[in-house]
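Single-letter residue listing:
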Amino acid sequence: MKQDFDLDRYVRNSKAVDLSGVEWDTIPSFPVSGAEARTLTFMMDIETHTVMYARDLLATRAAFDPEITAFMSCWIYEEFWHGEAFSRFLGEAGFTLAPDRERVNVHSPYPTKVARNERIRRALGRGVYTGHLASMVGSALTRDFVAIQMTWGAMNELSAINSYQSMIEKSENPVLRDILRRIIKDERRHFAFYRSQARLRLERSARARRMARWAMQRLWAPVGTGLRPQDESDFALVWLFGDDDGLDRLRRLDATIAQLPGFAGATLAEDARRRSLERLPRHRIPQMASDWALAHAGVHRENQAA
């Protein structure tokens, strides 16, 4: 089956997210809630650490595929700049983050959050090597392992798109909405690649379909889980998708993934939402957001709690 993704066009046009014309200096003039900033911090950490997922991917058979490696060369770069865009927004909004409370602004040298990113990666500890080894072993055992990785990537990218869309609907800050819309354009291309690769591999192998369905139902968790503490992942998911509108959005997400071969009826996102709500009921969100804002609010103004 021929891919329905124009890889040549993607590679030729890949670049850092276009932030020209972003009105950085107006950010403090508009609301940024504690819930919004806390969730955006979680998103920033995910985007900045895409390279860790790529490292595991390149330890498998995927590294032998020139199309996948060409895509990844651009993908990692683009995701890095998404993280930097969020870092600068949070800094201009007046939030400072552990461990060094770096005062980031639009003119700060790249990369930002060096101390934070190093601490996050070191805190992963043995899990880094365990996951890396598991990927290598899984890939060595079956050539269909890449189908799992491509399906996993499609789910993660589609989750990112829906998370950013949900934040756009919730945010009262026009600059953040502008940045998110620009980043979504990249994420749509990333999702299109992973979906195309997953469909290609799932269609040609019944074993790949069985393995991918089993892995996604038993092992997949929302992107960022494991990289950051469980309560951070739960907070973001519950704030973004905990209401009825969020449930509807996740059901549409699941319906898109269900179009992949072997995934009819899959409810991966809805199931993840249910588990997060069991651990973190919605009524706890405002206080957690307020506490986070008090701990991280910085320079410009007092931020709203939720």
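Being a predicted model, the structure only gives us computed values, none of them experimental. (Residues numbered from 1 in each chain as written. Predicted model: local features only at pLDDT ≥ 70, side-chain atom pairs only at ≥ 80, totals over all residues. Heavy atoms only, no water.)

## Some remarks on the overall build of the protein
Across its full length, the protein holds 13 helices and zero strands. Mapped in sequence order, the helices and strands of the protein form the string α-α-α-α-α-α-α-α-α-α-α-α-α. Relative to the 2.2 N^0.38 estimate, which gives 19 Å for 306 residues, the radius of gyration of the protein is 19 Å and therefore close to what a compact globule would have. When its C-alpha atoms are laid out on the principal axes, the protein stretches across 55 × 40 × 35 Å. The proportion of buried residues among the 306 residues of the protein is 53%. In the structure as shown, the protein presents an accessible area of about 14,200 Å², 52% of it carried by carbon and sulfur atoms. (Helix = DSSP H or I, 4+ residues; strand = E, 2+ residues; numbered from the N terminus. Rg over C-alpha atoms; globule rule 2.2 N^0.38 Å. Buried < 20%, exposed > 50% of the residue type's maximum accessible area, 1.4 Å probe, protein only. Areas by Shrake-Rupley, 256 points an atom, 1.4 Å probe, with all protein chains shown as cover.)

## Looking at the side chain of Gln197
Topologically, Gln197 is positioned in helix α8 (residues 174-203). Of the polar contacts made by the side chain of Gln197, one reaches the side chain of Arg201; its length is 2.2 Å. (Polar contact = N/O pair within 3.5 Å; in protein donor to acceptor, adjacent residues only side chain to side chain.)

## A few points about the packing of aromatic side chains
According to the stated counting rule, one finds 14 aromatic pairs in the structure shown. With centroids separated by 5.5 Å and ring planes inclined at 75 degrees, the aromatic side chains of Phe5 and Phe193 adopt a geometry described as edge-to-face. Remark: Phe193 occurs in helix α8 and Phe5 occurs in the segment before α1 (7-13); sequence separation between them is 188 residues. With relative accessibility at 12%, the residue Phe5 sits in the buried group. Ring geometry for Phe80 and Trp81: centres 5.2 Å apart, planes at 80 degrees, overall edge-to-face. A cation sits over an aromatic face here: Lys170 above Trp239, 5.5 Å from the ring centre. (Phe/Tyr/Trp six-rings, centres within 6.5 Å; stacked < 30°, edge-to-face > 60°. Lys NZ or Arg CZ within 6 Å of the ring centre and 35° of its normal.)

## Some words on the confidence of the model for the protein
In this model, the protein carries an average pLDDT of 92, and 91% of its residues clear a pLDDT of 70 or more. This model gives residues 300-306 a pLDDT under 50, and the stretch forms 31 contacts once residues within four places in sequence are excluded. (pLDDT = per-residue confidence, 0-100. Contact = heavy atoms within 4.5 Å.)

## A word on the nonpolar core
Counting residues in hydrophobic clusters, the biggest one holds 78 residues, and the most contacted among them are Phe86, Phe89 and Ile179. At 13 residues, the largest contribution of residues to this core is made by helix α7 (residues 145-170). Discounting residues that sit within four places of it in the chain, Phe86 has contacts with Leu40, Met43, Met44, Glu47, Tyr164, Ile179, Leu180 and Ile183. (Core = buried A, V, L, I, M, F, W, Y, C linked by side-chain atoms within 4.5 Å.)

## Some details on the pattern of salt bridges
Under the definition given, this model contains 19 salt bridges. For the salt bridge of Asp178 with Arg182, the shortest nitrogen-to-oxygen distance reads 3.0 Å. Placement of the pair is Asp178 and Arg182 together in helix α8, with a separation of four residues, close to one helical turn. Accessibility expressed as a relative area gives 24% for Asp178, which makes it partly exposed. For Arg182, a relative accessible area of 18% puts it in the buried group. Of the charged contacts in the structure, one is a salt bridge between Asp186 and Arg189, with a shortest N-O distance of 2.5 Å. (Salt bridge = Lys/Arg side-chain N within 4 Å of Asp/Glu carboxyl O.)

## Some thoughts on the packing of helix α3 (residues 50-57) against helix α4 (residues 66-92)
One can describe the packing of α3 onto α4 by two numbers: an axis separation of 9 Å at closest approach and a directional angle of 160 degrees. Taken as axis vectors, α3 and α4 run roughly antiparallel relative to one another. Crossing of α3 against α4: the hand is left-handed. Contact residues: α3 offers Thr50, Val51, Tyr53, Ala54 and Leu57, while α4 offers Met72, Trp75, Ile76 and Glu79. (Axes fitted to C-alpha atoms, helices over the stretch in contact; angles between N-to-C directions. Parallel < 35°, antiparallel > 145°, perpendicular 65-115°, else oblique. Left-handed = near helix turned anticlockwise from the far one by under 90°.)

## Points about the environment of Trp81
Relative to the elements of secondary structure, Trp81 occurs in helix α4. On the basis of relative accessible area, Trp81 is assigned to the buried category, the value being 18%. Separated by 136 residues in the primary sequence, Trp81 and Gln217 have C-alpha atoms spaced 31 Å apart.

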